[in-house]
Every structure is written in structure tokens, then in C-alpha cells.
Amino acid sequence: MRRNGYWGTITGMKILAVSDQEVEQIYDLVPQGFFSGIEMIISCGDLRYEYLEYLVTLLNVDLYYVPGNHDLDYNSDSTAARAAGCTNLDLGTACSKGLLLAGFGGSIKYRPEGTNQYTQTEAFLRAAMLLPSLWRNRLRYGRALDVLVTHSPPYGVHDDESRSHRGLKAINWLLDWTKARYHLHGHIHFIQSNLARDALWQGTTSVLNVYPYRLIEIENV
Ligand SMILES: [Zn+2]
């Protein structure tokens with residue numbers, strides 16, 4: 001058990017999660033050492049890559065991100081579609097400090113030419129691409145996943161009826177299949193929509209809306 005000024009008594013991993021909106025306050029708080037106990041940064045999308053690069057440079061910890069529907073097309077060959085020094089977790093998995101991560105970028109398709117937008121069917125096909133890695137985790141670690149990182153919320157959790165904010169059913173499927181302990185997402189500006197920020201999915205997964213940022217402590221396995 002360690003003690004840290006900001007965090008109080010802590011036992012788990014401390015994560016700074018960000019999404020959707022740059023918080024001016026962070027530009028002051030980071031240099032002041034306010035987030036000095038942070039061990040990992042996770043971005044749930046729709047943030048300028050310069051902002052992510054700023055955070056990872058100052059905090060000097062691993063940063064994992066997924067692209068949102070307002071980011072550049074991550075499939076592009078352009079290096080401008082990558083955040084330097086950060087790890088794009090879209091359709092990828094990682095094991096960092098013993099924590100099993102997987103990522104799924106984008107949102108529901110609401111514009112025909114929209115970037116990083118998918119129909120429900122397309123999202124299922126993408127989610128299926130994660131299964132081999134998740135299977136390997138289950139064999140190797142005895143569990144498939146600890147933290148699912150997405151831009152979109154699940155279907156029916158933290159979403160709404162509008163075309164652009166409907167959740168992706170493929171995310172519910174991934175949560176059901178993996179029993180991940182945490183799901184971090186963005187895309188929903190809960191302050192405007194007045195929605196709850198936390199939910200519990202199927203009694204197994206804490207679904208956390210990250211917008212615009214939050215500090216999370218995840219217990220060690
Ligand atoms: Zn979004």
C-alpha cells in the first residue's frame with residue numbers, strides 16, 4: 001500500500017483517462033505535478049493528437065488511445081493519423097503493468113462519408129477481429145480482458161436515441177464475452193445530456209464515461 005498526496009491511500013493502478021474535450025485546467029495541473037502518481041493514460045478519442053503528445057511527454061507514462069469519429073481516419077497511411085509516442089489501441093490488445101487492455105475506436109455510422117463510423121453489422125465484424133487475441137489472453141492469463149477502451153458507449157448504456165449517439169451492440173457483445181472489469185468510453189457529453197456517468201453492465205463490468213477526463217484507480221488482479 002502506498003500513499004500519495006492527491007490520491008490518498010491507494011493500492012491499485014492509477015490511470016488518467018481523457019476524451020472528447022481538451023481541458024484547459026490540465027495544462028496548469030500537469031506541470032504542477034498534480035498527476036504525478038499517474039501510471040498510465042488512456043484516451044477514448046476525439047482529441048487532437050498534439051494534446052495526447054503533450055500529456056505523454058509531460059507525464060512520461062504509456063498512453064493508449066482509440067480514434068473517435070472526429071479524428072483522422074486511422075486507416076490512413078499518413079503519419080498525421082498517428083499520435084507520436086502513443087499506442088493506437090484500435091482493434092488491438094496490450095498487456096501493460098499486468099493490465100490487459102483492448103481497444104475499439106469509432107462510433108455508430110450517422111453520415112455516409114463519416115470517418116471511423118460503422119454500422120452495427122460493420123462493428124460486429126470489427127469486434128470479431130479482436131477475438132483471437134482475447135482467446136490467447138484467456139489461455140495465457142486465465143482471463144480475456146481487464147479494460148475495454150472504446151470511443152462509443154455500448155448499446156443501451158449511456159447512449160441516446162439520436163443518430164450520432166446510439167451505442168454499438170458489438171461493444172455489449174465484447175463485454176458479455178470477455179467479462180472485462182472496466183469499460184472506458186467517450187463520445188457522450190454527459191454534462192449536456194444529463195446522463196449518469198457510471199453504470200454496471202451485467203453485474204460484471206463498470207462502464208465509465210470518461211468525458212472530459214477522470215482519474216481512475218484500478219485494483220490489481
Ligand atoms: Zn464522438
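Attention here is on the structure that accompanies the text. (Residues numbered from 1 in each chain as written. Predicted model: local features only at pLDDT ≥ 70, side-chain atom pairs only at ≥ 80, totals over all residues. Heavy atoms only, no water.)

### Regarding the overall build of the protein chain
Going by this rule: To qualify as a helix, a DSSP run of H or I must reach at least 4 residues; to qualify as a strand, a run of E must reach at least 2; elements of each kind are numbered from the N terminus. Categorising residues by exposure relies on relative accessible area from a 1.4 Å probe, with only protein chains included: less than 20% of the type maximum marks a residue as buried, more than 50% marks it as exposed, and the intermediate range marks it as partly exposed. In what follows, residue pairs with any heavy atoms lying within 4.5 Å of each other are defined as contacts. Residue-level accessible areas treat just the shown protein chains as cover; the underlying method is Shrake-Rupley with a 1.4 Å probe.
Looking only at helices and strands, the protein chain features six helices and 15 strands. Across the 221 residues of the protein chain, 55% fall into the buried class. Within the protein chain, contacts between residues at least 6 apart in sequence are counted, and of these 65% link residues at least 24 apart. By element, 50% of the accessible surface of the protein chain is carried by carbon and sulfur atoms, the whole surface being about 10000 Å².

### With respect to the coordination of the zinc ion
A four-donor tetrahedral metal ideally has 109.5 degree angles, and a six-donor octahedral metal ideally has angles of 90 or 180 degrees. Let me state the cut-off plainly: The rule for donors is simple: N, O or S, within 2.8 Å of the metal, or within 3.2 Å if the metal is Na, K or Ca. Water isn't counted, so a site may look like it is missing partners. In these descriptions, tetrahedral denotes four donors with every angle between 85 and 135 degrees, square planar four donors and octahedral six donors with opposite donors over 155 degrees apart and the rest between 65 and 115, and irregular any other case.
The protein atoms donating to the zinc ion are D46 (OD), N69 (OD1), H151 (NE2) and H187 (ND1), with metal-donor distances spanning 2.0 to 2.5 Å. Geometry at the zinc ion is irregular, judged from its four donor atoms and the angles of 85 to 173° they form at the metal. In primary sequence terms, the donor set of the zinc ion follows D-x22-N-x81-H-x35-H. Placement of D46 in the loop between β4 (40-43) and α2 (49-59) and of H151 in the loop between β11 (147-150) and α5 (169-178) is noted, with a sequence separation of 105 residues between them. When its relative accessible area of 10% is taken as the criterion, D46 is described as buried.

### Concerning the pairing of strand β14 (residues 205-209)
Heads up, the condition is: The pairing criterion is simple: DSSP has to find at least two bridges between the two strands.
Where burial is concerned, most of β14 is hidden: four out of the five residues are buried. Pairing analysis gives four bridges linking strand β12 (residues 182-185) to β14, with the strands arranged parallel. Considered in β14, the bridge of L184 is made with L208. Between the end of strand β13 (residues 198-201) and the start of β14, which pair antiparallel, lie three residues, with Q202 showing a positive phi angle near 55°.

### Some thoughts on the packing of aromatic side chains
Each aromatic ring pair is described using two quantities: the centre-to-centre distance and the angle formed by the ring planes. Threshold: Aromatic contacts are taken between Phe, Tyr and Trp rings whose centres are within 6.5 Å, Trp giving its six-membered ring; a plane angle under 30 degrees counts as stacked, one over 60 as edge-to-face, and the others as tilted. Two conditions define a charge located above a ring, namely a distance within 6 Å from the ring centre to NZ of Lys or CZ of Arg, and an angle within 35 degrees of the ring normal.
Taken as a whole and assessed by the stated rule, the structure comprises seven aromatic pairs. Grouping aromatic residues by their ring pairs yields a cluster made of Y27, Y51 and Y54. Above the ring of W135, the side-chain terminus of R138 is found at 5.6 Å from the ring centroid. If you follow R138 out to its NZ or CZ, it ends over the ring of W177, 4.3 Å from the centre.

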